[in-house]
Amino acid sequence: MRKILLLVFLTVISAVLLCAEEYTLGPDSQRQPGIPKGTVTKYSWTTSKIYPGTTRDYWIYVPAQYKAEKPACVMIFQDGKGMVDEAGNFRVPIVFDNLIQKGDMPVTVGVFINPGVMQALGLNQQNRFNRSFEYDALSDRYANFLIEEILPEVGKHYNLSKDPNDYAIAGSSSGGIAAFNAAWTRPDTFRRIMSFIGSFTNVRGGRTWLRSYARPSPSRCASSCRMAALT
């Protein structure tokens, strides 16, 4: 799974690197002839008990090679709309299709989830966007939301692995610290992290928290320990 995450990281991050000349996407970020295409289905979550009053869209990617009788690995992406868009910078479904077909990663169900939105109560009010409140918060609340609400819902439809080593979580900026925090607070579920320019700053005290508490410890998952040691 570690090699798989590295492959996914290198492929996906290549789509967003900026350079002096126009960047050309690599082959794994583009549709290739003969590669089976997975399915992407959009859903909405409007009944959260952990973030009451919020609504959010999320997408589930299922590779063509998925078989109900065999548990699949799982990878969650924050800011799901941008990650799942095949015309965007990340193009994760295309990357997954190519890597899974080549055998470079196992059959993996992707969950692409947006941050919550609190709908405006009146015509002269604006919606409240919950992104920083959820992603930058330094508690297990967001991880618990994924574990207790979203993953069980996905599990109603697909056979998901029970092994935490088969679970990865990824995000960019505030989504990056959210991924780290999910694995740090709930290593019983998340053991793999992929963070793109994670916001390990004092947006909500992240830098202080990381340096004060997220130190290498045998009781923590290996991925979190390595990231903490590098900070």
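Residues numbered from 1 in each chain as written. Predicted model: local features only at pLDDT ≥ 70, side-chain atom pairs only at ≥ 80, totals over all residues. Heavy atoms only, no water.

Side note on the environment of Phe77
- Mapped onto the elements of the fold, Phe77 is located in strand S3 (residues 73-78).
- Once the C-alpha coordinates of Phe77 and Asn114 are considered, the two residues, 37 residues apart in sequence, prove to be 8.6 Å apart.
- The contacts of Phe77, once residues within four sequence positions are left out, are Met83, Val92, Phe96, Val111, Phe112, Ile113, Ala170 and Met194. (Helix = DSSP H or I, 4+ residues; strand = E, 2+ residues; numbered from the N terminus. Contact = heavy atoms within 4.5 Å.)

Some words on the nonpolar core
- Formed by 34 residues in total, the largest nonpolar core has its most connected members in Ile76, Phe145, Leu146 and Phe190.
- Listed by contribution, the elements that provide at least two residues to this core are strand S2 (54-62), S3, strand S4 (108-113), helix H5 (141-155), strand S7 (167-172) and helix H6 (174-185).
- Ranked by residue count, the leading element in this core is H5, at 8 residues.
- Among the nonpolar cores identified, the runner-up in size contains 18 residues, and Tyr61, Phe90, Val95 and Phe112 belong to it. (Core = buried A, V, L, I, M, F, W, Y, C linked by side-chain atoms within 4.5 Å. Buried < 20%, exposed > 50% of the residue type's maximum accessible area, 1.4 Å probe, protein only.)

Describing helix H3 (residues 92-102)
- With 9 of 11 residues buried, H3 lies mostly within the body of the structure.
- Residue Gly103 follows H3 closely and has a positive phi angle near 80°.

Quick notes on the environment of Thr108
- Here Thr108 lies in strand S4.
- Using a relative accessible area of 2% as the deciding quantity, one classes Thr108 as buried.
- Note: C-alpha distance between Thr108 and Asp166 (58 residues apart in sequence) is 8.8 Å.
- Setting aside chain neighbours within four positions, we find Thr108 in contact with Tyr61, Pro63, Cys73, Val74, Met75, Phe96 and Ile100.

Digging into the pairing of S2
- Taken across its 9 residues, S2 has 7 buried, putting it largely inside the fold.
- In this sheet, S2 lies alongside strand S1 (residues 39-45) in antiparallel orientation, the contact comprising 7 bridges. Within S2, the position partnered with Thr39 by the bridge is Val62. (Pairing = 2+ DSSP bridges.)

Section: the packing of aromatic side chains
- Enumeration over the complete set of coordinates arrives at 11 aromatic pairs.
- Measuring from ring centre to ring centre gives 4.9 Å for Phe77 and Phe112, while their planes differ by 5°; the resulting arrangement is stacked. Here Phe112 lies in strand S4 and Phe77 lies in strand S3, a separation of 35 residues in the sequence. As far as burial versus exposure is concerned, Phe77 and Phe112 are alike and both buried. (Phe/Tyr/Trp six-rings, centres within 6.5 Å; stacked < 30°, edge-to-face > 60°.)

Points about the pattern of salt bridges
- For the coordinates displayed, the defined rule picks out 9 salt bridges.
- Put simply, Asp28 and Lys102 hold a salt bridge, and the shortest N to O gap is 3.0 Å. One end of the pair, Asp28, is in the loop between helix H1 (2-13) and S1; the other, Lys102, is in helix H3, with 74 residues separating them in the sequence.
- The partner of Arg186 in a salt bridge is Asp188, and the shortest N-O contact between them spans 2.7 Å.
- Take Arg186: its relative accessible area is 17%, and that puts it in the buried class.
- One network of salt bridges, with partners in common, ties together Asp28, Lys102 and Asp104. (Salt bridge = Lys/Arg side-chain N within 4 Å of Asp/Glu carboxyl O.)

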